[in-house]
Structures are given as structure tokens and as C-alpha cells.
Amino acid sequence: MRELKIAVFASGRGSNLAALMAAIETSQLHAQIVLVVSNKADAGALEIARSRGTPALHISSAMFPSSSEFDDALLAQLQRHQVEVIALSGYLKKISTAIVRAYKNRIVNIHPALLPAFGGKGMYGIKVHQAVLDYGCKVTGVTVHFVDDGYDSGAPILQRCVPVHHDDTPETLAARVLEMEHKTYAEALQLFAEERIELVGRTVRIKP
Ligand code: GRF
């Protein structure tokens, strides 16, 4: 089977990146991670990439005189590595319209809740799980979705539920959700590899 060329963008520790790499090693995901991008020089995700010999790129808009020059440099790197799909994983910078256009329906994100609940600007990390507990939800989950110009607003591709326990803290809930993230992201990207994702309006249809 053809191997999908993926770039992972991450600002933090990179556990989803490591999970994707493990899914590739065990042939659950027929892909190659050809590039890891971070806006943070000290991101764990860059460390993971370097330790596996995967090209790791620290690049941020602050390094460029204008946002369009940043976009051009980033796009050149994506093209150089023949990236087909961009997988965001805790990437805390908004993807510019130029990049969204260049990779139309080929940028995905993973969010640690069931969108559209508990998403949007500023909803990331432990804040998401705290908000789920504050609301008194009995269930939360994971959403893999397309990335558009908004915050967490693109069409969902896969969603999975995770139970909330009565004695959960934001941290115990985050850990349970993260386990589900690791499985769900690989599954969603495998659907791309198999060319089984079809977008009809806002609805993603998974071809059999
Ligand atoms: C994950 O919880 C993901 O859902 C969110 O950011 C976090 C990234 O974690 N978008 P990691 O860096 O992959 O460990």
C-alpha cells in the first residue's frame, strides 16, 4: 500500500506524534512522517523527531519580517518534503489562510473533546477537561477534524466518546482522553492513506 506523507505540527510534548510513529511501525498506519514542525525550539515533539531521524523544523513567524514571508518559507519546506497531509497536534498557532488554501482539505487537527462543545479560541490543554468537569458532563471524547480558517470549526472526521468518572480530576480525565486520542488519530490518518474520506458539504463520509 502507498505510504501517505504526513507533516506533524506540534508546540508541545508530542505524545500524539510518538503514537503515530508507533502505529506506523506496527503497520496500523501506512504513512511516513516526513517532517515535524514546531514554533517552539524546545518542543518535546522536535526531540522525538530528531531521536528517530525524522526532519525536525523549528520555524515561527517571529523569524520573518512579514507573515507572508513566513508562509512562503513554510510552504517551501512542505513542498520540499512532498507533504500530502498536515496533522496538527497541540500546535498553538493559527494556520494562515494561505496555508489552509494551499492544503485545502488536507489539514487535520485533534481536539480533546467532542466538538463543537468545549472548543474554540483559547480552549486547549487542561482548560478543556476542567470545563468538561465544571459543566458536569458524563461523557467527553476526542474529535479529529478538518482545519479551516476558524478555531476548531472544520468538519469532524472521526469522533470517539470517553466516559467521565465521578472522581475525575482534570488530569485523570486528560490521561483517559489522551489514550483515546492516540488510537483515533492513527485511525483517521489511515482513512486518508486509504483515500476513504469524502467531504460532502460539511459532512465527512467514510467510504467503505
Ligand atoms: C492533545 O491533547 C491534543 O488533543 C491537543 O493538544 C494535545 C497535544 O498533546 N490538540 P501531545 O503534544 O500530542 O502530547
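Everything below is about the structure printed above this text.
For clarity, every value in this text was computed on a predicted model and none was experimentally measured. Each residue is numbered by its place in its chain's sequence as written, counting from 1. Totals for whole chains, interfaces and linings use all residues, but because this is a predicted model, local features are given only for residues with pLDDT of at least 70 and pairs of side-chain atoms are given and counted only at 80 or more. Heavy atoms throughout the structure, all of them, feed into the side-chain values; hydrogens and water do not.

With respect to the side chain of Ser-89
Helix numbers and strand numbers start at the N terminus; a helix is a DSSP run of H or I with at least 4 residues, a strand a run of E with at least 2. With respect to the helices and strands, Ser-89 occurs in the loop between strand E4 (85-88) and helix H4 (97-102). Residue burial is assigned from relative accessible area. The probe radius is 1.4 Å, only protein chains are included, and a residue is buried under 20% of its type maximum, exposed over 50%, and partly exposed in between. For Ser-89, a relative accessible area of 11% translates into the label buried. The contact rule is simple, with two residues in contact once any of their heavy atoms fall within 4.5 Å. If we ignore the near neighbours within four places in the chain, the residues touching Ser-89 are Val-8, Phe-9, Ala-10, Ser-11, Asn-16, Asn-109, Ile-110 and Tyr-185.

Focus on the site of the ligand
All residues in the neighbourhood of the ligand are listed as Arg-13, Gly-14, Ser-15, Asn-16, Ser-89, Gly-90, Ile-110, His-111, Pro-112 and Glu-181. Residues adjacent in sequence count toward polar contacts only when both atoms are side-chain atoms; beyond that, a polar contact is any pair of N or O atoms within 3.5 Å, and within protein one must be able to donate a hydrogen and the other to accept it. Within the side chain of Ser-89, a nitrogen or oxygen atom sits 3.1 Å from an oxygen atom of the ligand. Glu-181 places a polar side-chain atom, nitrogen or oxygen, 2.7 Å from an oxygen atom of the ligand. The Shrake-Rupley method, run with a 1.4 Å probe sphere, supplies the accessible areas, and residue values consider only the shown protein chains as cover. Coverage of the ligand by the protein chains reaches 86% of its 360 Å² of free accessible surface. When residues of the shell around the ligand are traced back to their parent elements, those giving at least two are helix H1 (15-25) and strand E5 (107-111). A class-by-class count of the residues in the shell around the ligand yields 2 nonpolar, 6 polar and 2 charged. For this purpose, a residue is taken to be near a molecule or strand whenever a single non-hydrogen atom of the residue falls within 4 Å of it. Residue type decides the class: Asp, Glu, Lys and Arg count as charged, Ala, Val, Leu, Ile, Met, Phe, Trp, Tyr, Cys and Pro as nonpolar, and the leftover types, Gly among them, as polar.

What about the pairing of strand E9 (residues 203-206)?
In this scheme, strands are said to pair when DSSP sees at least two bridges between them. In this sheet, E9 lies alongside strand E8 (residues 197-200) in antiparallel orientation, the contact comprising 4 bridges. Pairing of Glu-198 across the sheet is with Arg-205, part of E9. Following E8, the chain reverses through 2 residues before pairing antiparallel with E9; Gly-201 in that reversal takes a positive phi of roughly 60°.

Some points on the pattern of salt bridges
A pairing counts as a salt bridge when a side-chain nitrogen of Lys or Arg comes within 4 Å of a carboxyl oxygen of Asp or Glu. In the structure shown here, the tally under the stated rule is 5 salt bridges. Taking the shortest distance from any N to any O, the salt bridge between Arg-52 and Glu-25 comes out at 3.6 Å. Of the two residues, Arg-52 sits in the loop between helix H2 (44-51) and strand E3 (56-58) while Glu-25 sits in helix H1, which places them 27 residues apart along the sequence. Given a relative accessible area of 42%, Arg-52 falls into the partly exposed group. One salt bridge connects Arg-176 with Asp-168, and the closest N-O pair in it is separated by 2.8 Å.

Some details on the state of the cysteines
The disulfide criterion used throughout: a pair of cysteine sulfur atoms within 2.5 Å. Under the criterion given, the structure shown has 0 disulfides. In this model Cys-137 remains outside any disulfide bridge; the closest cysteine sulfur is found in Cys-161, 11 Å from its own.

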